[in-house]
Amino acid sequence: MNSEDITGHLMNAHKKNPDLVIEGGLVLTMAEGQAPVSNGRVLIKHGIITDIQSRKEKGEGPGLQTEVIDAKDAIVMPGLVNAHTHAAMTLFRGLADDLPLKQWLFEKIFPAEAKYLNPDTVYWGSLLACLEMIASGTTCIADGYFFQDETVRAVHEAGLRGLIAQGVIDFPAPGVPDPKKNLEVAREFIERWLGFSALITPGMFCHSPVTCSEQTLKGAWEISRRFDLPLQIHLSETSDEVNEVIRKTGKRPVFYLDRLGLIDKGLIAAHAIHLDEREISCIFEKGVKIVHVPESNMKLCAGPAPVRDMVNAGLTVGLGTDGCSSNNNLDLFCEMDTAAKLSKVYDLDPVGLDANTVIKMATCWGASVLGLEKEIGTLEPGKRADIIVVDTHQPHLCPVYDPLSAIVYSANGADVKDVIVNGKVLMKNREFTTLDPVEIMEKVKAISSKISI
Ligand SMILES: [Zn+2]
């Protein structure tokens, strides 16, 4: 037998003896060209989807040893991918609202981070983020912040999948008081966690082209390339930032980064609001991945990103919430709804960013942004079982004419009833299996009682 025959043989053997089965419901696979499977059955063995069946066609039910998730009156779909966040910023949720971005960042957030972030607070803030993300159907995150050993610990304990990146900035930062050591700290972080878990990929996150020098950006890129890991960055979030880069370098940010060698398929750029047509074509040609962060962009008055144009140009665009202090939640259902509606207002185009497109951004395209498209993002035999079950037996989800519409325009994160990552159930019937919500919320409340800016 060749390797494909062996894989097929194993898959057939596993179909007969799954360790987890999702029974019933409408299965929205998000696989290209595949229609939803009604009254479905998803079979899972050793963390991998082995088959997706229609129960009408195949009557044989799960065996006695199999754990069963009941998905009657529910939509079964890929777990959501939050492609840009800063998990521990849950600590600063609601601390500084209704401010211009520069004032918010320099007068509130940077000082709060300097004063209150430490390994303990980052750990509990990250655990709270994991709790909130599981509760709202997110199964995979791309995170960038400080004291990231603690975020790795939290994400690992929660059982989520993630690209966890050490923040790099050319100011004294939490845990990195000497900015000259920022790259060294990030490299050591990568070395410490590479190979630790199949679910966690370490990486680096450069804050932005204006808060990181040319030397830092090039250094971060070289280290990321050496380990073959993506590099995350905030790109062209404000027009001020774009003007500052032009003033310093004579080039728009994309062309400045291109000169440094960063505009390449290993770069994940969040925001990407103030881009011109030439920058969008350059990004497409070089394969840079984009993360749209609509609620943060709106709240900080950064402006609307040209997402419809980027999607039409063929760019890979994922969806993110950004940190909790500029959103103020981590609910990707809200983010999908906002992304679709914001495009309608901004582009004056009701179909440009439809429900199907924004679900792709939050699932399969998000997986591609993180380089995980072969493992997650769609429900297909052979892929990792990162799956959520959305309860549609609720007034605001009745009736369901179109599941895509229901997910984007009617549902919210609290409708998610079951969450599975890598075949492990992290939430069943809204009960968490890996985290203690009372302990985490009490701990964060105690931390927040000492925070004031
Ligand atoms: Zn961000």
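As a convention, each chain's residues are numbered from 1 in the sequence order in which they are written. Given that this is a predicted model, residues contribute local features only at a pLDDT of at least 70 and side-chain atom pairs are listed and counted only at 80 or more, while totals for whole chains, interfaces and linings are drawn from all residues. Based on all heavy atoms of the structure, the side-chain values leave hydrogens and waters out of the count.

For the rest of this paragraph, the subject is the overall build of the protein chain. Secondary structure is summarised from DSSP: a helix means a run of H or I of at least four residues, a strand means a run of E of at least two, and numbering begins at the N terminus for each. In terms of regular secondary structure, the protein chain is built from 16 helices and 18 strands. To get the radius of gyration, use the C-alpha atoms; to get the globule rule, take the number of residues to the power 0.38 and multiply by 2.2 Å. For 453 residues, the compact-globule formula gives about 22 Å, and the C-alpha radius of gyration of the protein chain, at 21 Å, lands near that figure. The principal-axis extent of the C-alpha atoms belonging to the protein chain is close to 65 × 50 × 45 Å. Exposure categories follow from relative accessible area, calculated using a 1.4 Å probe and restricted to protein chains: below 20% of the type maximum is buried, above 50% is exposed, and the middle band is partly exposed. Split into buried and exposed, the 453 residues of the protein chain put 58% on the buried side. Sequence separation of 24 or more characterises 73% of the internal contacts of the protein chain that already satisfy a separation of 6 or more. Only the protein chains shown count as cover for residues, and all accessible areas are computed by the Shrake-Rupley method using a 1.4 Å probe. When the accessible surface of the protein chain is summed, it comes to about 18300 Å², and 52% of that surface belongs to carbon and sulfur atoms. Separation of charge centres in the protein chain, based on 45 positive and 60 negative side chains, amounts to 2 Å. We call two residues in contact when some of their heavy atoms are within 4.5 Å. We score Asp and Glu as negative and Lys and Arg as positive, and we do not count His or the chain ends. Charged side chains are reduced to one point each, which is NZ for Lys, CZ for Arg, CG for Asp and CD for Glu.

So, about helix α7 (residues 239-249). Glu241, Val242 and Val245 are the residues of α7 that are buried. Down the axis of α7, the buried side of the element spans an arc of 100°, and every buried residue falls inside it. Buried-residue contacts for α7 involve β11 (231-235) and α8 (253-259). Along the arc lie the directions from the helix axis toward the C-beta atoms.

Along the polypeptide, Tyr123 turns up in helix α3 (residues 119-135). On the basis of relative accessible area, Tyr123 is assigned to the buried category, the value being 9%. When the C-alpha positions of Tyr123 and Thr433 are compared, they lie 19 Å apart, and in sequence the two are 310 residues distant. Leave out the neighbours within four places in its chain, and Tyr123 touches Glu150, Arg153, Ala154 and Glu157.

Attention shifts here to the nonpolar core. Here the nonpolar core consists of buried residues drawn from Ala, Val, Leu, Ile, Met, Phe, Trp, Tyr and Cys, with membership extended through side-chain atoms lying within 4.5 Å. Counting 119 residues, the largest nonpolar core has Met310 and Met336 as its most contacted members. A per-element tally of this core places α3 first, with 10 residues. If you count residues domain by domain, this core takes at least three from each of domain 1 (3-78 + 378-432) and domain 2 (80-369). Beyond its immediate sequence surroundings of up to four residues, Met310 is in contact with Ala272, Leu275, Ile280, Ile290, Ala305, Leu315 and Val317. Counting 18 residues, the second-largest nonpolar core is a separate cluster that includes Leu20, Ile22, Ala74 and Leu379. Domain start and stop positions are those given by an automatic or database domain assignment.

To define axes, lines are fitted to C-alpha atoms, for helices over the stretch in contact only, and angles between the resulting N-to-C directions are given on a 0 to 180 degree scale. In contact at an axis separation of 9 Å, helix α13 (residues 355-362) and helix α15 (residues 403-410) are set at 70° when each is read in the N-to-C sense. Taken together, α13 and α15 sit at an angle that is classed as roughly perpendicular. Residues Ala355, Asn356, Val358 and Ile359 of α13 pack against Leu404, Ser405, Ile407, Val408 and Tyr409 of α15. Here the word oblique covers every angle except those under 35 degrees (roughly parallel), over 145 (roughly antiparallel) and from 65 to 115 (roughly perpendicular).

Here we take up the coordination of the zinc ion. Around the zinc ion, the donor atoms from the protein are His84 (NE2), His86 (NE2), His234 (NE2) and Asp322 (OD), and they sit 2.1 to 2.3 Å away. Metal coordination here is assigned from N, O and S atoms located within 2.8 Å of the ion, or within 3.2 Å for Na, K and Ca; omission of water means that sites may look incomplete. Labels for metal geometry use angle windows, namely 85 to 135 degrees for all angles of a four-donor tetrahedral site, and for square planar (four donors) or octahedral (six donors) sites opposite donors over 155 degrees apart plus all others within 65 to 115; sites meeting none of these are irregular. Of note is the zinc ion, whose 4 donor atoms meet at the metal with angles of 82 to 165° in an arrangement that counts as irregular. Positions of the donor residues of the zinc ion along the chain correspond to the pattern H-x1-H-x147-H-x87-D. On the basis of relative accessibility, which here comes to 2%, the residue His84 falls in the buried class. Judged by relative accessible area, which is 6%, His86 ranks as buried.

Moving on to the domain arrangement of the protein chain. Taken domain by domain, the protein chain comprises domain 1 (3-78 + 378-432) and domain 2 (80-369). Its C-alpha centre places domain 1 at a distance of 29 Å from the equivalent point of domain 2. At the interface, 27 residues of domain 1 touch 28 residues of domain 2. Reported buried area values correspond to the accessible surface (1.4 Å probe) lost by two parts on association, with both partners' losses combined. Carbon and sulfur atoms make up 72% of the area that domain 1 and domain 2 hide from each other, which totals about 2100 Å².

For the rest of this paragraph, the subject is unusual backbone geometry. Trans is the common state for peptide bonds, and a negative phi is the common state for residues other than glycine. In this chain, Asn327 is followed by Asn328 through a cis amide linkage whose omega measures 5°. Mapped onto the elements of the fold, Asn328 is located in the loop between β14 (316-319) and α12 (332-347). The amide bond that connects Cys398 to the next residue, Pro399, takes the cis arrangement and shows omega of -5°. As for its placement among the helices and strands, Pro399 is situated in the loop between β15 (387-391) and α15.

Inspection of the secondary structure assignment puts Gln166 in strand β9 (residues 161-168). For Gln166, a relative accessible area of 4% corresponds to the buried category. Separated by 36 residues in sequence, Gln166 and Pro202 have C-alpha atoms that sit 7.8 Å apart.

This brings us to the sheet that holds strand β3 (residues 40-45). Spatially, β4-β3-β1-β5 is the arrangement adopted by the 4 strands of the open sheet, whose pairing is mixed. Where the open sheet ends on each side, the last strands, each with one partner, are β4 (48-54) and β5 (67-70). For this sheet the average axis-to-axis angle between neighbouring strands, irrespective of direction, equals 15°. Of the strand pairs in this sheet, strand β1 (residues 20-23) and β3 are connected by 4 bridges, and their pairing is antiparallel. Two strands qualify as a pair provided that DSSP identifies no fewer than 2 bridges between them.

Let us now look at the pairing of strand β12 (residues 267-271). Consecutive side chains of a regular strand alternate in pointing toward one face of the sheet and then the other. Most of β12 sits out of view: 5 of its 5 residues are buried. Where β11 and β12 come together, 5 bridges link them in parallel fashion. Directly across from Leu231, in β12, lies its bridge partner Leu267. As paired strands, β12 and strand β13 (residues 289-292) are joined by 3 bridges and run parallel to one another. Each residue of the ladder has a partner; that of Ala270, found in β13, is Val291. Where the polypeptide runs from β12 across helix α9 (residues 277-286) and back to β13, its parallel neighbour, the crossover connection is right-handed. We call a crossover right-handed when, viewed with the strands running away from us, the connection from the first strand over the helix to the second turns clockwise.

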